[in-house]
Amino acid sequence: MARRTEPPRAWQRMLSGRRLDLLDPSPLDVEIEDIAHGLARTARWNGQTRGNAIFSVAQHSVLVTDIAEALDPRANARCLLMVLLHDAPEYVVGDMISPFKAVIGEGYKAVEARLLAAIHLRFGLPSSPPREVQALTKRSDRAAAFFEATELAGFSIDEARRYFGDPRPLPSAIDRLRLEPRPAEEAAARFLDRFRHLAE
């Protein structure tokens, strides 16, 4: 008798009880608490950072939003909310380092894009960020990567400048940042606070 084979499972169960399908993600299965919980437990730089805790994607997301707000003080809450959520799909798929993304190719980007569209729609945002928001996010993300690389991940200034560009000079409040990894519960709480402030 032939064994019945089922298709491989393509959904992730969340602590909220939601089941998010990676092939066809529904905005109805997206909860901000799940996002905050997952991102606060997902390490940037594959965990290869200084400190007693990981530097999480939740902390990175708040940092990128801080930088975006400093770079463009006229950016409205809707724009900054899209910046905050720029890495939100990683609560499901993890934070793949850029070298590995280059190895596995375009399939990963397609999964991320579907997840981001569902996340945006859940919170009343356009499925794809407008071009100007994408540009601000990219500039802020690269600036955050420069600071994370040099302060936490062991990169020299010259090495970080080669891979991420040198964002300096930045507004003084950002240029004086000192990054400190935070426990997961604190990182999740800060992410949720920023989300709620912007969503209101």
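**Looking at helix 7 (residues 131-151)**
Along its 21 residues, helix 7 runs 30 Å from first to last C-alpha, staying within 8% of the 30 Å computed at 1.5 Å per residue. Within helix 7 the residues assigned to the buried category are Val133, Leu136, Thr137, Ser140, Ala143, Ala144, Ala145, Phe146, Phe147, Glu148, Ala149 and Thr150.

**Describing unusual backbone geometry**
Positive phi outside glycine occurs at Trp45, with the angle close to 60°. Within the fold, Trp45 resides in the loop between helix 1 (32-40) and helix 2 (57-71). Judged by relative accessible area, Trp45 falls into the buried class, the value being 17%. A positive phi angle, close to 55°, is found at Asn46, a residue other than glycine. Within the secondary structure layout, Asn46 lies in the loop between helix 1 and helix 2.

**Focus: the packing of helix 2 against helix 7**
As a packed pair, helix 2 and helix 7 sit with axes 8 Å apart at the nearest point and diverge in direction by 120°. The pairing of helix 2 with helix 7 is recorded here as oblique in orientation. Regarding helix 2 and helix 7, the two cross each other, and that crossing is right-handed. Across the interface between the two elements, His60, Leu63, Val64, Ile67, Ala68 and Leu71 of helix 2 pack against Leu136, Thr137, Arg139, Ser140, Asp141, Ala143, Ala144 and Glu148 of helix 7. For the contact of helix 2 with helix 7, the per-class residue count stands at eight nonpolar, three polar and three charged.

**Describing the nonpolar core**
Membership of the largest hydrophobic core comes to 57 residues, with the highest contact counts inside it found for Ile32, Ile35, Leu85, Tyr91, Ile119, Phe123 and Phe191. When residues no more than four places from it in sequence are discounted, the contact partners of Phe191 are Ile32, Ile35, Ala36, Leu39, Ala58, Ser61, Val62, Leu84 and Leu85.

**A short note on the side chain of Gln59**
The residue Gln59 is located in helix 2 in this model. Since its relative accessible area comes to 13%, Gln59 is described here as buried.

**What about the confidence of the model for the chain?**
Detail in the predicted coordinates should be disregarded across regions flagged by low pLDDT. Taken over all residues, the pLDDT of the chain has a mean of 90, while the share at 70 or more is 90%. Within the chain, helix 9 (residues 172-175) has the poorest average pLDDT of any element, 62, and helix 3 (residues 77-84) the best, 98.

**Considerations on helix 2**
Its 15 residues give helix 2 an end-to-end C-alpha distance of 21 Å, which sits within 8% of 21 Å, the value for a rise of 1.5 Å per residue. When you tally the buried positions in helix 2, you get 12 out of 15 residues, the bulk of the element.

**Some words on the packing of aromatic side chains**
Inspection of the entire model under this criterion finds five aromatic pairs. For the pair Phe123 and Phe195, a centre-to-centre distance of 4.9 Å together with 65° between the ring planes defines the contact as edge-to-face. Separated by 72 residues along the polypeptide, Phe123 in the loop between helix 6 (106-122) and helix 7 and Phe195 in helix 10 (residues 184-199) bring together distant segments of the chain. Like Phe123, the residue Phe195 is buried in the burial classification. Taken together through their ring pairs, the aromatic side chains of Trp45, Phe155 and Phe164 make up a single cluster. Between Arg9 and the ring centre of Trp11, over which it is positioned, the NZ or CZ distance is 4.9 Å.

**A word on the packing of helix 3 against helix 10**
As a packed pair, helix 3 and helix 10 sit with axes 9 Å apart at the nearest point and diverge in direction by 150°. The orientation of helix 3 relative to helix 10 falls into the category roughly antiparallel. Where helix 3 crosses over helix 10, the two elements pack in a sense that is left-handed. Seen from helix 3, the contacting residues are Ala77, Leu80, Leu81 and Leu84; seen from helix 10, they are Phe191, Arg194, Phe195, Leu198 and Ala199. The residue makeup of the contact of helix 3 with helix 10, split by class, is eight nonpolar, no polar and one charged.

Calculation rules
Residues numbered from 1 in each chain as written. Predicted model: local features only at pLDDT ≥ 70, side-chain atom pairs only at ≥ 80, totals over all residues. Heavy atoms only, no water. Helix = DSSP H or I, 4+ residues; strand = E, 2+ residues; numbered from the N terminus. Expected span 1.5 Å × (residues − 1). Buried < 20%, exposed > 50% of the residue type's maximum accessible area, 1.4 Å probe, protein only. Axes fitted to C-alpha atoms, helices over the stretch in contact; angles between N-to-C directions. Parallel < 35°, antiparallel > 145°, perpendicular 65-115°, else oblique. Left-handed = near helix turned anticlockwise from the far one by under 90°. Contact = heavy atoms within 4.5 Å. Nonpolar A, V, L, I, M, F, W, Y, C, P; charged D, E, K, R; others polar. Core = buried A, V, L, I, M, F, W, Y, C linked by side-chain atoms within 4.5 Å. pLDDT = per-residue confidence, 0-100. Phe/Tyr/Trp six-rings, centres within 6.5 Å; stacked < 30°, edge-to-face > 60°. Lys NZ or Arg CZ within 6 Å of the ring centre and 35° of its normal.

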